[in-house]
Amino acid sequence: MEVQEIKKFPKPRKLDSEPTPSQHIKILDCNEPVSRVLFECWHCKQGLLSEVDVTTSQYLEITCPNCGKTALRLMADKVLSTTAIPSPWQS
């Protein structure tokens, strides 16, 4: 009886030319009960400024006023306001 060795081929590597999705975000006043979050919408890249109550935390989704989709997911008590602004990361 002859034994054959089965070769396993490695998984194909992800090409470096494929961009990795990312999102710009900056949290201001993080030591205060109300923090400001400056970020871009995940979908349309609209600049947004939100004020959030961070006294306790729960899972929240912030909706983009421009495209109506979920712009950001974060842990906070509640979203007090969201304002569309020009994105500081777009040239």
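See the structure printed just above.
Presented here is a report on the structure given in the accompanying data block. (Residues numbered from 1 in each chain as written. Predicted model: local features only at pLDDT ≥ 70, side-chain atom pairs only at ≥ 80, totals over all residues. Heavy atoms only, no water.)

Let us look at the packing of aromatic side chains. Summed over the entire model, instances satisfying the criterion amount to 0 aromatic pairs. In this structure, Lys-45 packs its charged tip against the face of Trp-42, placed 5.7 Å from the ring centre. (Phe/Tyr/Trp six-rings, centres within 6.5 Å; stacked < 30°, edge-to-face > 60°. Lys NZ or Arg CZ within 6 Å of the ring centre and 35° of its normal.)

A few words now on the sheet that holds strand 4 (residues 70–85). Across the sheet, which stays open at both edges, the 4 strands sit in the order 1-2-3-4 with antiparallel pairing between neighbours. The two strands at the open ends of the sheet, each matched to only one other strand, are strand 1 (25–28) and strand 4. Between one strand axis and the next, the sheet turns through 25° on average, direction left out of account. Where strand 1 and strand 2 (residues 34–40) come together, 4 bridges link them in antiparallel fashion. When the bridges of strand 2 are listed, Lys-26 appears paired with Leu-38. (Pairing = 2+ DSSP bridges. Helix = DSSP H or I, 4+ residues; strand = E, 2+ residues; numbered from the N terminus. Axes fitted to C-alpha atoms, helices over the stretch in contact; angles between N-to-C directions.)

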